[in-house]
Amino acid sequence: MTMMKATVFVAPGRIELVDKPIPEVGPNDALIRITTTTICGTDVHILKGEYPVVPGLTIGHEPVGVIEKLGSAVQGYVEGQRVIAGAICPSFTSYASQDGAPSQDGSYLIPSGQCGHHGYKATAGWRFGNLIDGTQAEYVLVPDAQANLAPIPDGLTDEQVLMCPDIMSTGFKGAENANIKLGDTVAVFAQGPIGLCATAGARLLGATTIIAVDGNDHRLGISKVMGADVTLNFRNCDVVGEIMDLTGGRGVDSAIEALGTQGTFESALRVLKPGGTLSSLGVYSTDLKIPLSAFAAGLGDHRINTALCPGGKERMRRLMNVVASNRVDLGVLVTHRYKLDDIVAAYELFANQRDGVLKVAIAP
Ligand SMILES: [Zn+2]
């Protein structure tokens, strides 16, 4: 067999399942046979043409699968082993990686046109379905496999670890970046899959009052399962006023933004205490305005942190440990299942948020 099915971006508004050659395995690569993958909100941005990728690129960045073939230089794994890799696959050899920012690992294309692995480029650690062929296919090539392949612990199903490559890693990073301490009050703005994981992460890190905000009561119901103490539907209340009341006018210790709009960012800043941390996860598509009063004219000792999903095998190992130890159950986020052959229909459902969808598991 030399060909495989792959979901490619064709033009804004159009993806297709096509036949592509199964990739050749270089010395540092691993070829993974995908057993389960999923669709991310970022893929919908790509589908709509809001995030540009090259036409013909295979999209998707959340791989769960089996090692089909290992590159000659990759040690310590066996073919047939079940593995995941992070949505972000840093080389761990760049200056950015060694400076503690592996997700910003780059740039892969230097001006001379040669491939480089040395500098910094925002988001360039994100390669699957962005810079190289992604995971919504029968096979995917994992680059720098030694750094990125994480064996799945025995006893965990594909769906139990499906959130680790991106959604859980990103959501938890949002909580980690929020500098949460025991006993903190944390507001989480937006309860899509990533926001729900941020809620779960805030709980695990020791927040004792978690206020989850969304406009969808179904999602707010799941927020409670993930650890929210209070849920607020912004369609029914003045969220900023409610949160200031709930905190006795003090504001929250940390606010996590998990959507990427002016409204959520601004509300997060408006409820933040002086000296508090705003942890932003959203992908923004317009310029942000910082409201002067909430920003205390720049004198409020506020910290604003942004993040791209951390990747690498150690991050994946830790996240799978959290799942294996039953500290959190993210299986509830998988609401729908589709065959790869029907992925266009899965996009249709997911992009339009029909039928209570949170995440769609895609299997060959
Ligand atoms: Zn994603």
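Residues numbered from 1 in each chain as written. Predicted model: local features only at pLDDT ≥ 70, side-chain atom pairs only at ≥ 80, totals over all residues. Heavy atoms only, no water.

Operational definition: UniProt positions are given in the numbering used here, feature names are shortened, and annotations may be inferred rather than shown by experiment.
Within an unreviewed UniProt entry, the label attached to the chain reads NAD(P)-dependent alcohol dehydrogenase, and the organism entered is Thauera sinica. Recorded in UniProt for the chain, the comment headed Sequence similarities (unreviewed entry) runs: "Belongs to the zinc-containing alcohol dehydrogenase family." According to the UniProt record, the Cofactor (unreviewed entry) comment for the chain is "Zn(2+)".

Notes on helix α8 (residues 239-246)
This is how the line gets drawn: The classification of residues rests on relative accessible area computed with a 1.4 Å probe and restricted to protein chains. Under 20% of the type maximum is buried, over 50% is exposed, and intermediate values are partly exposed. Secondary structure is summarised from DSSP: a helix means a run of H or I of at least four residues, a strand means a run of E of at least two, and numbering begins at the N terminus for each. Note that the arc is computed from the directions linking the helix axis to the C-beta atoms. Here, residues are in contact when the closest pair of their heavy atoms is within 4.5 Å.
Within α8, the full set of buried residues consists of Val239, Val240 and Ile243. Buried residues of α8, viewed axially, fall in a sector of 95°; they line one side. The inward-facing, buried residues of α8 abut β8 (185-189), β9 (209-214), β10 (230-233), β11 (252-257) and α9 (262-270). Gly248 lies just past α8 and shows a positive phi near 65°.

Concerning the packing of aromatic side chains
Here is the rule: A pair of aromatic rings is counted whenever rings of Phe, Tyr or Trp (Trp by its six-membered ring) have centres within 6.5 Å, and the orientation is called stacked for planes under 30 degrees apart, edge-to-face for over 60 and tilted otherwise.
Applying the stated criterion across every chain, the model contains two aromatic pairs. Arranged with centres 5.1 Å apart and planes meeting at 40°, the rings of Tyr51 and Trp126 form a pair that is tilted. With a gap of 75 residues between them, Tyr51 in the loop between α1 (41-47) and β4 (64-70) and Trp126 in the loop between α2 (95-98) and β6 (139-142) connect regions that are remote in the sequence. For Tyr51, a relative accessible area of 25% puts it in the partly exposed group. Looking at Trp126, the relative accessible area reads 7%, which means it is buried. With a centroid separation of 6.2 Å and an interplanar angle of 80°, the aromatic rings of Phe265 and Tyr284 are classed as edge-to-face. Pair noted here: Phe265 is in helix α9 and Tyr284 is in the loop between β12 (272-280) and β13 (303-306), with a separation of 19 residues, a long-range link. Since its relative accessible area comes to 25%, Tyr284 is described here as partly exposed.

Looking at the side chain of Asp105
Selection rule: By the counting rule applied here, Lys and Arg register as positive and Asp and Glu as negative, while His and the ends of each chain are not counted. Basic side-chain nitrogens of Lys or Arg form a salt bridge, by our definition, when they fall within 4 Å of a carboxyl oxygen of Asp or Glu. In protein, a polar contact means a hydrogen-donor-capable atom and an acceptor-capable atom, both N or O and within 3.5 Å, with residues adjacent in sequence counting only if both atoms are side-chain atoms; elsewhere, any N or O pair within 3.5 Å suffices.
Considering the arrangement of structural elements, one finds Asp105 in the loop between α2 and β6. Here Asp105 is buried and forms no salt bridge, its nearest opposite-charge partner Arg127 lying at an N-O distance of 5.1 Å. Among the polar contacts listed, one links the side chain of Asp105 to the backbone nitrogen of Ser91, at a separation of 2.4 Å.

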